[in-house]
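# A structural walkthrough
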Amino acid sequence: MKLSLFGVGDAGTRLVDKLLQAEVETGRNFTDGNVLAFNTAAEAFGETDTLPEERQILIGDTHSAVNQYVEPDADGPDTDTASATSRDHSPGVAGDPELGAEVADDELPEIRRALDLVDDTEVDAAMVVAGFGGGTGCGVGSVLLEELKSIYEIPVYVLGALPAADESDERAHTAARAVRTFVPLADAVLPVDNDAWARSTQPLTEQYDEINEMVATRMLSLFAAGESDPATVSEMRIDPADVMRTLAVGGLSSIGHASIEVDTSDEGLLARLMQLLGLAEETPDTQTDAATIKRLVRSALNSKLTLPCDIESTDRVLVILSGPPSDISRKGFETGRYLLEEETGTVEVLAGDEPLPNASEITATVLFSNVTDVPRIDELQERAVAYQREQDADTAVIDTATSIEGATAVAADASTAAPDDESDHPFEFHGTEEQQENGDAHGGDTVSPDADASDESTATDTPDGDATDGSAADTSADSDTATEDGDATTAAATSSDEHE
Amino acid sequence: MKLATIGVGNAGSKVIDRMVEFEQATGRDLCRHTLVINTARTDLAKPEHVPEDRRLLIGETHQKAKGHGVGGDAAIGAEVAQTEIDDIRRIFDDVEIHEVDAILVAAGLGGGTGSGAAPVVIEELQKMYDEPVYGLGMLPGKYEGGRPALNAARSLQSFVNKVDNFIAFDNDAWRSRGQTIEEGYEDMNRELATRIVTLLAAGEVDESEVGENAMDSSDIMRTMEVGGVSSIGYASTGVDTPDDGLLSRFSEEEVSNMESTDAAKIKGLVRRAVNSRLTVPCDVASAERALIIFAGPPSEISRKGVESARDWLEQETETVDVLAGDDPRTDSDTLAAVVLLSNVTDTPRIKEIQDQAVDAQDTIQQQEAVREEEIESLITDDDNDLDPIV
Ligand SMILES: Nc1nc2c(ncn2[C@@H]2O[C@H](COP(=O)(O)OP(=O)(O)OP(=O)(O)O)[C@@H](O)[C@H]2O)c(=O)[nH]1
Ligand SMILES: Nc1nc2c(ncn2[C@@H]2O[C@H](COP(=O)(O)OP(=O)(O)OP(=O)(O)O)[C@@H](O)[C@H]2O)c(=O)[nH]1
Ligand SMILES: [Mg+2]
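Residues numbered from 1 in each chain as written. Chains lettered and ligands numbered in written order. Predicted model: local features only at pLDDT ≥ 70, side-chain atom pairs only at ≥ 80, totals over all residues. Heavy atoms only, no water.

## Description of the pairing of strand S6 (residues 165-170) of chain B
All names here are of chain B.
- Burial of S6 is extensive: six of the six residues sit out of reach of the surface.
- Of the two faces of S6, both are covered, the one formed by Asn165, Ile167 and Phe169 as well as the one formed by Phe166, Ala168 and Asp170.
- Note: strand S5 (residues 133-139) against S6, six bridges, orientation parallel. By the bridge assignment for S6, Tyr134 is matched with Asn165.
- Handedness of the β-α-β unit built from S5, helix H6 (residues 146-162) and S6 comes out right-handed.
- Both S6 and strand S7 (residues 229-238) contribute to a ladder of two bridges, which runs parallel. Bridge pairing in S7 places Phe166 opposite Val229. (Buried < 20%, exposed > 50% of the residue type's maximum accessible area, 1.4 Å probe, protein only. Helix = DSSP H or I, 4+ residues; strand = E, 2+ residues; numbered from the N terminus. Pairing = 2+ DSSP bridges. Right-handed = clockwise from strand over helix to strand, strands pointing away.)

## Structural notes on the UniProt feature "binding site: GTP" (unreviewed entry) in chain B
All names here are of chain B.
- The UniProt record marks Gly112, Thr113, Gly114, Glu144, Asn171 and Asn189 with the feature "binding site: GTP" (unreviewed entry), using the residue numbering of this structure. Among the annotated residues just listed, those lining the largest cavity are Gly112, Thr113, Gly114, Glu144, Asn171 and Asn189.
- By secondary structure assignment, the location of Glu144 is in the loop between S5 and H6.
- Here Glu144 falls in the partly exposed class, since its relative accessible area comes to 22%.
- With respect to the helices, strands and loops of the structure, Asn189 is situated in helix H8 (residues 186-200).
- Residues contacting Asn189, with those up to four places away along its chain left out, are Lys14, Val15 and Arg18. (UniProt positions renumbered as here; feature names shortened; annotations may be inferred. 1 Å grid on protein atoms, 1.4 Å probe; cavity = no way out; pocket = protein on both sides within 12 Å on 5 of 7 lines; lining within 4 Å. Contact = heavy atoms within 4.5 Å.)

## Thoughts on the sheet that holds strand S1 (residues 3-8) of chain B
Residue and element names in this part refer to chain B.
- Judged by pairing direction, the sheet is mixed, and its ten strands sit side by side in the order S3-S2-S1-S4-S5-S6-S7-S10-S8-S9 without closing on themselves. Looking at which strands have only one partner, the edges of the open sheet turn out to be strand S3 (55-57) and strand S9 (322-328). Pairwise comparison of adjacent strand axes, ignoring direction, gives a mean angle of 20° for this sheet. (Axes fitted to C-alpha atoms, helices over the stretch in contact; angles between N-to-C directions.)

## A short note on the confidence of the model for chain A
Residue and element names in this part refer to chain A.
- The predicted model of chain A has a mean per-residue pLDDT of 79, with 69% of residues at 70 or higher.
- Low pLDDT, under 50, characterises residues 282-287; the predicted model gives this stretch eight contacts beyond four residues in sequence or across chains.
- Across residues 405-500, where pLDDT falls below 50, the model places 140 contacts with residues more than four positions away in sequence or in other chains. (pLDDT = per-residue confidence, 0-100.)

## Re the layout of surface pockets
- By volume, the second largest pocket is sized at about 670 Å³.
- If you list the elements that add at least two residues to the lining of the second largest pocket, you get helix H9 (240-247) of chain A together with helix H3 (74-83), helix H5 (113-128), H6 and helix H13 (348-379) of chain B.
- By residue number, the principal contributor to the lining of the second largest pocket is H6(B), which donates seven residues.
- For the lining of the second largest pocket, a count of residues per class yields 17 nonpolar, eight polar and 13 charged. (Points joined across faces, edges and corners; volume = space filled by probe spheres on them. Nonpolar A, V, L, I, M, F, W, Y, C, P; charged D, E, K, R; others polar.)

## Side note on the interface of chain B and chain A
- Between chain B and chain A, the residue contacts involve 52 residues of the former and 77 residues of the latter.
- For the chain B face of the interface with chain A, the top three residues by lost area are Ile181(B), Ile389(B) and Val390(B), together amounting to 16%.
- Summed over the shared surface of chain B and chain A, the result is 23 residue pairs in polar contact (both at pLDDT 80 or more).
- Listing elements by their share of the side of chain B that touches chain A, those giving two or more residues are helix H1 (9-25), helix H2 (41-44), H6 and H13 of chain B.
- For the side of chain B that touches chain A, the leading source of residues is H13(B), giving eleven residues. (Buried area = accessible area lost by both parts, 1.4 Å probe. Polar contact = N/O pair within 3.5 Å; in protein donor to acceptor, adjacent residues only side chain to side chain.)

## Things to note about the packing of aromatic side chains
- Across all of its chains, the model carries six aromatic pairs over all chains by this definition.
- Here Phe169(B) and Trp174(B) contribute two aromatic rings whose centre-to-centre distance is 5.6 Å and whose plane-to-plane angle is 25°, an arrangement assigned as stacked.
- Lying over the aromatic face of Tyr185(B), Arg330(A) brings its terminal NZ or CZ to 4.8 Å of the ring centre.
- Its guanidinium or amino end placed over the ring of Trp174(B), Arg277(B) lies 4.1 Å from that ring's centre, counting from NZ or CZ. (Phe/Tyr/Trp six-rings, centres within 6.5 Å; stacked < 30°, edge-to-face > 60°. Lys NZ or Arg CZ within 6 Å of the ring centre and 35° of its normal.)

## Focus on the domain arrangement of chain A
All names here are of chain A.
- Here the domain parsing of chain A yields domain 1 (1-234 + 372-500) and domain 2 (240-371).
- Between domain 1 and domain 2, the residue contacts involve 35 residues of the former and 30 residues of the latter.
- Its largest share of buried area at the contact with domain 2, domain 1 owes to Arg218, Leu222 and Thr372, together 21% of the area lost on that side.
- Applying the counting rule to domain 1 against domain 2 returns ten residue pairs in polar contact (both at pLDDT 80 or more).
- Of all elements in the fold, only strand S5 (156-162), strand S6 (188-193), helix H7 (194-197), helix H8 (208-223) and helix H13 (375-398) reach the threshold of two or more residues within the side of domain 1 that touches domain 2.
- Residue composition of the side of domain 1 that touches domain 2, by class: 22 nonpolar, seven polar and six charged. (Domains from an automatic or database assignment.)

## Quick word on the UniProt feature "binding site: GTP" (unreviewed entry) in chain A
All names here are of chain A.
- When the UniProt feature table is mapped onto this chain, "binding site: GTP" (unreviewed entry) is found at Gly135, Thr136, Gly137, Glu167, Asn194 and Asn212.
- Relative to the helices and strands, Gly135 resides in helix H5 (residues 135-151).
- Once residues lying within four places of it in the same chain are set aside, the contact partners of Gly135 are Val93, Gly95, Asp96, Pro97, Gly100, Val140 and Arg171.
- Position of Glu167 relative to the elements: it lies in the loop between S5 and helix H6 (169-185).

## A closer look at the environment of Val8(B)
Residue and element names in this part refer to chain B.
- Looking at the element boundaries, Val8 is found in strand S1.
- Considered as a pair, Val8 and Ala107 are 99 residues apart in the sequence and their alpha carbons are 5.2 Å apart.
- Excluding anything up to four places from it in sequence, Val8 contacts Ser13, Ile37, Val105, Ala106, Ala107, Gly108, Thr113, Gly114, Ala117 and Ala118.

## Brief notes about helix H12 (residues 330-344) of chain A
Residues and elements named next belong to chain A.
- With 15 residues, H12 should cover 21 Å at 1.5 Å per step; its first-to-last C-alpha distance of 21 Å lies within 8% of that length.
- Among the 15 residues that make up H12, twelve are buried, leaving the element largely enclosed by the rest of the structure.
- Among the residues of H12, Arg330, Gly332, Phe333, Glu334, Thr335, Gly336, Arg337, Tyr338, Leu339, Leu340, Glu341 and Thr344 are the ones counted as buried.
- Of the residues flanking the start of H12, the one acting as N-cap is Ser329, its side-chain oxygen 3.3 Å from the backbone nitrogen of Lys331. (Expected span 1.5 Å × (residues − 1).)

## Points about empty space enclosed by the protein
- The tally for this structure, following the rule as stated, stands at seven cavities of 30 Å³ or more.
- Looking at the largest cavity, its volume works out to about 890 Å³.
- What lines the largest cavity is a set of 42 residues, and nearest its centre among them are Asn10(B), Gly110(B), Gly111(B), Glu144(B) and Tyr185(B).
- Secondary-structure elements contributing two or more residues to the lining of the largest cavity are H12 and strand S9 (349-355) of chain A together with H1, H5 and H6 of chain B.
- Among the residues forming the lining of the largest cavity, the class breakdown is 15 nonpolar, 16 polar and eleven charged.

## Some remarks on the site of ligand 1
Residues and elements named next belong to chain A.
- Taken together, 22 residues sit near ligand 1, with Ala11, Arg14, Gly137, Glu167 and Asn212 positioned nearest.
- Arg14 places a polar side-chain atom, nitrogen or oxygen, 2.7 Å from a nitrogen atom of ligand 1.
- A distance of 3.2 Å separates an oxygen atom of ligand 1 from a polar atom in the backbone of Gly95.
- Taken by itself ligand 1 offers 630 Å² of open surface, and the protein chains cover 95% of this.
- Where the shell around ligand 1 is concerned, the elements lending two or more residues are helix H1 (9-26), H5 and H8.
- A breakdown of the residues in the shell around ligand 1 according to their chemical character gives eight nonpolar, ten polar and four charged. (Near = heavy atom within 4 Å. Areas by Shrake-Rupley, 256 points an atom, 1.4 Å probe, with all protein chains shown as cover.)

In structure tokens:
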């Protein structure tokens, strides 16, 4: 099937780049060039090999809270001043998803312009690719996902990395919230568990390339099956509708993968020749073939999954066998398919093949859609909650004076409903440029995103009147609509001020 | 008989294509009109004997199909056909229906397009024409799993209710071991095409040298009019072609030598047809009506043999409604006996599919019932402390 890819943040950019490389290497053209990458820091853009430069969109570089080296000839003169005042050592949104979301909101016009480069009528689905734990990946990713869902009729999926155990609690917190945000919005979410795939002996950052390659292999086997040229007509071809129907149940999905060498030994060739000549009709050889294929499917089922999970909790399954069609036993194919039904307990198991006449191996790729028993997610949530409580406690202690002001600000904000009025409000932590930023960027963007964003920042960063435990949920309940946007900026500004 | 044939979905289209191939190869002229309907553009390109303008893509504008099939979702298959029923009707405009005796709609019942769209098409055809509409359905194999079984069980019900007769083909019974994916369904599609064309092409020649023993289209239709599910048996034997010059004289001699054993040969052929693999395995005794057609050179068909074969089948089927007749094919190098067992009620495979479907439906319903809840509980922490970003 055809997919458009939208990388967000460093992880997203690198993964998309890797997917494009795999596209070239395997000759499976599944994006038709419908790709984009968004980042708040130009860093990862420098690392790309295949992703065209004009498809790499830098956003937030004019935002005061975003740390970005500003290109000499970029933008207005006031920008420089703004970013210069609040720059710290870490690039981009420095891991802050609230800031990421805010930047994306502010730059929606820019994002929308970029989206015009991608033709959604040419593809079957869109995919947002991001590091779940990234301030950009999660924050910008959320806004982008929401935007894509509102403008596209095609399904929008999310592919991304979950932070490893040795990454910061903040990343875990962000990732847990990303899951919480992406799943209800997206048509399906495919997380990759960095922890499961990393080897403890090396720093994670040095293993990204390897992990990304692993992801690319699986993604292409699944989504780009049958897109190679020249396309051979397959008897049990997977239609895009098959993949889409499997993913249509939503939730989190996981992928298993295994391959075997095709028997190219003289013996194997002879046996096949005999069969071809009708000299051996039902050789024990074909029997072995069926068993081999079934074994292959079993290894895919038992392989390390992109997201380790209990496969019995899956909702729908899809299996694709890629390889020389003359080597894939039909009985093996059928029993392999049935094995999946037996092992997972679901009756929705679609199976298909991708004929690759010259391939030297047969691979089985299994998609487990909507898996609900995923220990890693529970772990992330536990860490995230502990971290959030810690943050709440800290903030409550640190500042009591501003909290009253903060509370007042919220109350005042709540009285004004129209988003356009925001820029007129004197927020104590705002610089003039920032207010203009907000005003500029606001051309009719949805306000609801910011409500929660603000609640969150209220709970974690802003010294707020009721910033005691559990207040976040409470505040979100009364959802102070429009004006929260300004408040979020306040919070972000505060937090980055505190860094200094 | 003269037919208008319609293949719906991938399997249905392929089988129709094979039928045309077989009739062309054997000089028959059964399929006067062919049409294939599919939701998948790539599948529509497969038939080799169906003219381009007789291939109809439906669901191109449907959000979930878009020319890519319906992913085994029969509800969408049905929906799409319903939405585009006008296009489907329109393609029948140039079908001179008085030129055909009946309409045959073929589909694989395990997928989404065939099982969902075909019953919609049939319903429309029944409204449009007085001619009988027959169904030809490929039953999914056990190992295709629960979803295809559920599609098939549901679709079978619609088919049988709507058609004048439903001919079933059991993929499991016809599966052979050594096949690779590449070979796919080719062999069994040819076997099926041979049976269905040999059966229905009888009586296509009106102006006849054919004589009183010839089977008439109306005989076939009478056998089928009881409705229900039918199964076809088939057996053939080689005969020497008359136009082989010297050799043929020798053969004629040989044939005449064997004349005494001809009756036994004919009866043996029918026994073989019934006792070998039927299109859908069934208890022969459960058939309501039956019919035997002998297709081949008339000189090969012994009247005595025909009579004893008919008597034998009457006993087997425990019915007196057995018709027997010829489809004279003077130039044919084979003599075939094809047996139609009409309205067989004891078909174990259909029972199995229904049981598998009931289980599948339970599983699907259970999954649906908890789906949203399980997703929700996975993505939220225990106390719902974590907020979404947007
Ligand atoms: N698998 C994989 N994971 C990555 C890669 N790069 C980063 N990650 C993970 O993704 C998460 C987010 O990191 P980044 O992508 O650098 O963050 P970002 O989205 O750019 O946002 P910032 O926090 O603003 O830098 C972290 O948990 C990383 O471990 C990558 O190339 N591959
Ligand atoms: N006998 C026979 N059966 C087939 C063939 N192809 C598929 N089938 C069977 O038919 C069922 C339906 O498959 P398809 O015809 O490909 O499905 P479809 O009707 O096109 O529907 P979707 O692919 O879901 O859009 C399968 O479950 C198989 O059991 C074939 O060539 N011959
Ligand atoms: Mg199909």
